[in-house]
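So the chains spell out like this:
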Amino acid sequence: MSRREIVLGRVRRALADVPTGDTAYADAVTRDYLREHGTRTREETTALLAENLTEYRAVVHRTDADGLPALLARLLTERGATSVLIPPGLPADWLRAGEVTRVHDRATSTAYELEKVDSVVTGCAVAIAETGTLVLDGSPDQGRRRITLMPDHHICVVRVPDQVVSSLPQALERLDPARPLTWISGPSATSDIELDRVEGVHGPRALEVVLLGGR
């Protein structure tokens, strides 16, 4: 027997005495917990997101649609990036002011090719203020999960206020669990080895978040 068959067999045995027609799990579990902690305006929610992102060692910037191309160009220049990886659905005007080489992610792109790219720019699906978490779901402006794990520098653009929510329950309502979800809380880091924090082990060493205001 495979491990999968062993696990499923144990599940079946554990559920063997459950009566047919028993209350569905979705109805049986009490869900009267707080949906968010406190009451905040949209501006306060965005400020909390920025505060928690900074706490996670991400660098936060604010701009509007007119200023976004120049800001992205400046961030890439300051990073010394000569190439930037872009997902297939990233708005073309976001990088119109930059002069770095644009690398398009393709199905044939290898991990070795992606690792050589200096930076990646993506959008996001939702940002959670209370936890300082960005969630990517593989939409066209975010691309496949691996393009945000290989380059050492990730710039994530969050549309404010549309993509900002206060809490995890509010975020889950917006997400499709069947999509490939990537949850990002600051730059990639681990303290597994003697409790010393090491960044860039399993993802980008540097995370910059642009809060994009306006519609």
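Anyway, here's the lowdown on the structure attached to this text. (Residues numbered from 1 in each chain as written. Predicted model: local features only at pLDDT ≥ 70, side-chain atom pairs only at ≥ 80, totals over all residues. Heavy atoms only, no water.)

A short note on the nonpolar core
Inclusion rule: Definition used in this section: a nonpolar core is a set of buried Ala, Val, Leu, Ile, Met, Phe, Trp, Tyr and Cys residues joined via side-chain atoms within 4.5 Å. For each residue, the accessible area found with a 1.4 Å probe, counting protein chains only, is set against the maximum for its type, and the residue is called buried under 20%, exposed over 50%, and partly exposed in between. Elements are defined by DSSP. Helices are runs of H or I of four residues or more, strands are runs of E of two residues or more, and each kind is numbered from the N terminus. Throughout, a residue-residue contact means that at least one pair of heavy atoms, one from each residue, lies within 4.5 Å.
Counting residues in each nonpolar core, the largest one holds 18 residues, and the members touching the most others are L49, L134, V158, V209 and L211. Contributing elements (two or more residues each) for this core: helix 3 (42-55), strand 6 (133-136), strand 7 (153-159) and strand 12 (206-213). Per element, the largest residue contribution to this core is four residues, and it comes from helix 3. The residues contacting V158, other than those within four sequence positions of it, are C124, A127, L134, Q163, V164, V209, V210, L211 and L212. With 17 residues, the next largest nonpolar core counts L75, V84, L90 and I155 among its residues.

Description of the sheet that holds strand 3 (residues 101-104)
Working definition: the strands of a sheet are paired by backbone hydrogen bonds and lie parallel or antiparallel to each other. Applied cut-off: Strand pairing is assigned whenever DSSP detects at least two bridges linking the two strands. Fitted lines through C-alpha atoms serve as axes, helices being fitted only where they are in contact, and the angles separating the N-to-C directions of these axes extend from 0 to 180 degrees.
Read across the sheet, six strands follow the order 1-12-7-4-2-3 without closing on themselves; strand pairing throughout is parallel. Of all the strands in the sheet, just strand 1 (59-64) and strand 3 have a single pairing partner and so form its edges. In this sheet, adjacent strand axes meet at a mean angle of 25 degrees when their direction is disregarded. Across seven bridges, strand 7 lies against strand 12 in parallel orientation.

Brief notes about the environment of V157
Take V157: it is sitting in strand 7. What makes V157 buried here is its relative accessible area of 0%. Separated by 47 residues in the primary sequence, V157 and P204 place their C-alpha atoms 15 Å from one another. Setting aside anything within four residues of it in sequence, one finds V157 in contact with L68, L72, W94, T122, G123, C124, Q163, V210 and L212.

A closer look at the sheet that holds strand 8 (residues 164-165)
Taking strand neighbours across the sheet as the criterion, the four strands line up as 8-5-6-9 in an open arrangement whose pairing is mixed. A strand with exactly one partner marks an edge of an open sheet, and here the two such strands are strand 8 and strand 9 (182-184). Relative to strand 8, strand 5 (residues 126-128) runs parallel, the two sharing two bridges. Its bridge partner lying in strand 8, A127 is registered against V164.

A short note on the pairing of strand 7
Of all seven residues that make up strand 7, six are buried, and the element is covered over most of its length. By the bridge criterion, four bridges tie strand 4 (residues 119-122) to strand 7 in an arrangement that is parallel. Residue pairing across strands places V121 opposite I155, the latter belonging to strand 7.

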